[in-house]
Amino acid sequence: MEKFYTLNDGSKLPMIGFGTYNEQFEDNKKAILDAIECGYRFFDTASLYETERPLGTAIKESGIARNEVIIETKLWIDEMGADNAYAALEKSLNRLRTDYIDIYMMHWPRQTGAPDENWKELDIETWKAMEEMVRQGKVRRLGLSNFLPHHLKNILENCTIKPVVDQLELHPGYSQEAAVAYCKANDVLPMAWSPLGRGRENAMIGNAILVRLAEKYGRTIQQVNLRFLLQKGILPIPKASSVAHMKANMDVFDFELSDDDVSMLSCMPQTAWLGEHPDFVIPDRKSNPENI
Ligand SMILES: NC(=O)c1ccc[n+]([C@@H]2O[C@H](COP(=O)([O-])OP(=O)(O)OC[C@H]3O[C@@H](n4cnc5c(N)ncnc54)[C@H](OP(=O)(O)O)[C@@H]3O)[C@@H](O)[C@H]2O)c1
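Definitions and limits used
- Residues numbered from 1 in each chain as written.
- Predicted model: local features only at pLDDT ≥ 70, side-chain atom pairs only at ≥ 80, totals over all residues.
- Helix = DSSP H or I, 4+ residues; strand = E, 2+ residues; numbered from the N terminus.
- Rg over C-alpha atoms; globule rule 2.2 N^0.38 Å.
- Buried ≥ 20, exposed ≤ 12 C-beta atoms within 10 Å, placed from the backbone.
- Contact = placed C-beta atoms within 7 Å.
- Pairing = 2+ DSSP bridges.
- Axes fitted to C-alpha atoms, helices over the stretch in contact; angles between N-to-C directions.
- Near = placed C-beta within 6 Å.
- Nonpolar A, V, L, I, M, F, W, Y, C, P; charged D, E, K, R; others polar.
- Core = buried A, V, L, I, M, F, W, Y, C linked by C-beta atoms within 7 Å.
- Arc of directions from axis to C-beta.
- Expected span 1.5 Å × (residues − 1).
- Right-handed = clockwise from strand over helix to strand, strands pointing away.

1. Re the overall build of the chain
Working step 1: A count of helical and extended segments in the chain gives eleven helices and ten strands.
Working step 2: Here the chain has a C-alpha radius of gyration of 18 Å; the compact-globule value for 292 residues is 19 Å, and the two agree.
Working step 3: By principal-axis analysis of the C-alpha atoms, the chain measures approximately 55 × 45 × 35 Å.
Working step 4: By residue count, 43% of the 292 residues in the chain fall in the buried class.
Working step 5: Sequence separation of at least 24 residues holds for 74% of the intrachain contacts in the chain that already meet a minimum separation of 6.

Structure representation (C-alpha cells):
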C-alpha cells in the first residue's frame, strides 16, 4: 500500500497523521517530540486545543526543517466571519511559530446559537477570507472539519479554492458512510478524527466484533480500526501519548482485512460516538482568550 494520499490539488499527505487534542497529554511538547522521533510528519491541531504552541515549539526544538512537516490547524466557531478569521490566523501563526499553515480548516459548520438561516452565509464569508489567506501565501491549502454533505455542498457551490480534506468523526461503529461517499464523489479526502473511538473501554476496546477481528488478524483493536479506515480510503489522525502506541499506530501496512470484514465493520451497530453532531449537538466551547 502507498503511504501517501494524493489530494485534489496534486499535493500529497502521509496516510497517517498525529492528533494533538490535549485532553490526555500530560506534557504536550514531549508527546509531539516523541511523535516526531517515531516518524510522524503530519500534525493536526486547532486554536481550540491549546496544542498549537507546544507543536510549534516541538517542531523548532526537533531541528526538523519546516518544509518536512505538515501543520494542519483550525479556526473555531467563535472565530468565524472575515475579520475574526484573519485575526485567528495571525494568532495561530504566532503560536505555531511559523509564517504559513499547510492546511487551514473551518472547525465546525455552525456557530452556537446562530439562527439556522444564517449559517450558509457565514460559512461562505469565512471561506472567502480563507481563500484570501491562500492568495497572501499564509496558508497553502484549505480544509473543512465536521462538514456533512449539505454543509460541504454550500462550500463547493460557492468556492474558488476547493477544500482538500474534510475531517469527520470516523471509526468502526460510526463510519458515516453517506458523508464519506459525498466527500469521495467530490474529490475531497475524508479524514478520521477519533479514529480509535478515543479508547472508550466498553464501546470500543471491549466491543465483541472488534475483539474477534483483532484475534483473527493477530493485531490490536486499534490497529484493526486504523486498517479499516485506510482500506476505505480515509486518512486517520490517531492521538497517542505513549511511544509504544505511536509506533503501533504506524505499524498497519503489512496486513489486510478481508472485504467481508471491512463490510461487516462498515455495517456494525453504532458504538463509541462522541455525541456531538454538527447540526444538532453543537459543542458549547469557546476558543480561549488566554490562548494568544
Ligand atoms: N475536528 C474535530 O472536531 C476533532 C474532534 C476530536 C478530535 N480531533 C482530532 O483527532 C485526533 C484523534 O482523536 P482523539 O484524540 O479524540 O482520540 P483517538 O485518537 O481516537 O484515541 C486516543 C486514545 O487512544 C489511545 N491509544 C492510541 N493509540 C493506541 C494504541 N495503539 N493502543 C491502545 N490505545 C491507544 C490513546 O492512549 P495514550 O494517549 O495513552 O497513548 C488515547 O487514550 C485528536 O487528537 C484531534 O487532533 C478532531
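2. Let's talk about the sheet that holds strand E5 (residues 70-75)
Working step 1: With parallel pairing, the eight strands of this open sheet are ordered in space as E3-E4-E5-E6-E7-E8-E9-E10. Of all strands in the sheet, those with a lone pairing partner are strand E3 (18-19) and strand E10 (235-236), marking the two edges.
Working step 2: Bridge count for strand E4 (residues 42-44) against E5 is three bridges, and the pairing is parallel. Bridge pairing links phenylalanine 43 to isoleucine 71 in E5.
Working step 3: Contacts between helix H3 (residues 82-96) and the sheet are confined to E5 and strand E6 (101-106), with E5 contributing the most and set at about 140° to the helix.

3. Quick notes on the site of the ligand
Working step 1: The environment of the ligand is formed by 26 residues, the closest being Gly19, Tyr21, Trp193, Leu196 and Lys239.
Working step 2: Examining the composition of the shell around the ligand, we find that three residues originate from one element, helix H10 (residues 243-250), more than from any other.
Working step 3: For the shell around the ligand, the residue count by class is eight nonpolar, 15 polar and three charged.

4. Concerning the nonpolar core
Working step 1: Of all hydrophobic cores here, the largest spans 75 residues; its most connected members are Tyr104 and Ala192.
Working step 2: The dominant element in this core, judged by the number of residues it contributes, is helix H9 (residues 221-231), at six residues.
Working step 3: Once residues lying within four places of it in the same chain are set aside, the contact partners of tyrosine 104 are Thr73, Leu89, Met130, Met133, Val139 and Leu142.

5. Focus on helix H6 (residues 177-185)
Working step 1: Considered for burial, the residues of H6 that qualify are Ala179, Val180, Tyr182 and Cys183. Here the buried residues of H6 occupy an arc of 160° about the axis, which is enough to place them on one side. Across from the buried face of H6, at angles greater than 90 degrees, the exposed residues are Glu177, Ala178, Ala181 and Ala185.
Working step 2: Against the buried residues of H6 lie helix H5 (149-158), strand E8 (165-169) and strand E9 (189-193).
Working step 3: With its phi angle positive at about 60°, aspartate 187 sits one or two positions after the end of H6.

6. Section: H3
Working step 1: End to end, H3 covers 21 Å across 15 residues, agreeing with the expected 21 Å (1.5 Å per residue, within 8%).
Working step 2: Here H3 has its buried residues at Ala85, Ala88, Leu89, Ser92, Leu93, Arg95 and Leu96. Projection of H3 onto a plane perpendicular to its axis shows the buried side chains occupying an angular sector of 165°, all on one side. In H3, the exposed positions that point more than 90 degrees away from the buried face belong to Asp83 and Glu90.
Working step 3: Buried residues along H3 sit in contact with helix H2 (52-62), E5, E6 and helix H4 (119-135).

7. A few points about the pairing of E8
Working step 1: Of all five residues in E8, five are buried; the element is thus mostly enclosed.
Working step 2: Strand direction decides the pairing type here: strand E7 (residues 139-145) and E8, joined by three bridges, are parallel. Directly across from leucine 144, in E8, lies its bridge partner aspartate 166.
Working step 3: Read as a crossover between parallel neighbours, the route from E7 over H5 to E8 is right-handed.
Working step 4: Strand direction decides the pairing type here: E8 and E9, joined by five bridges, are parallel. Note on E9: the bridge partner recorded for valine 165 is leucine 189.
Working step 5: Read as a crossover between parallel neighbours, the route from E8 over H6 to E9 is right-handed.

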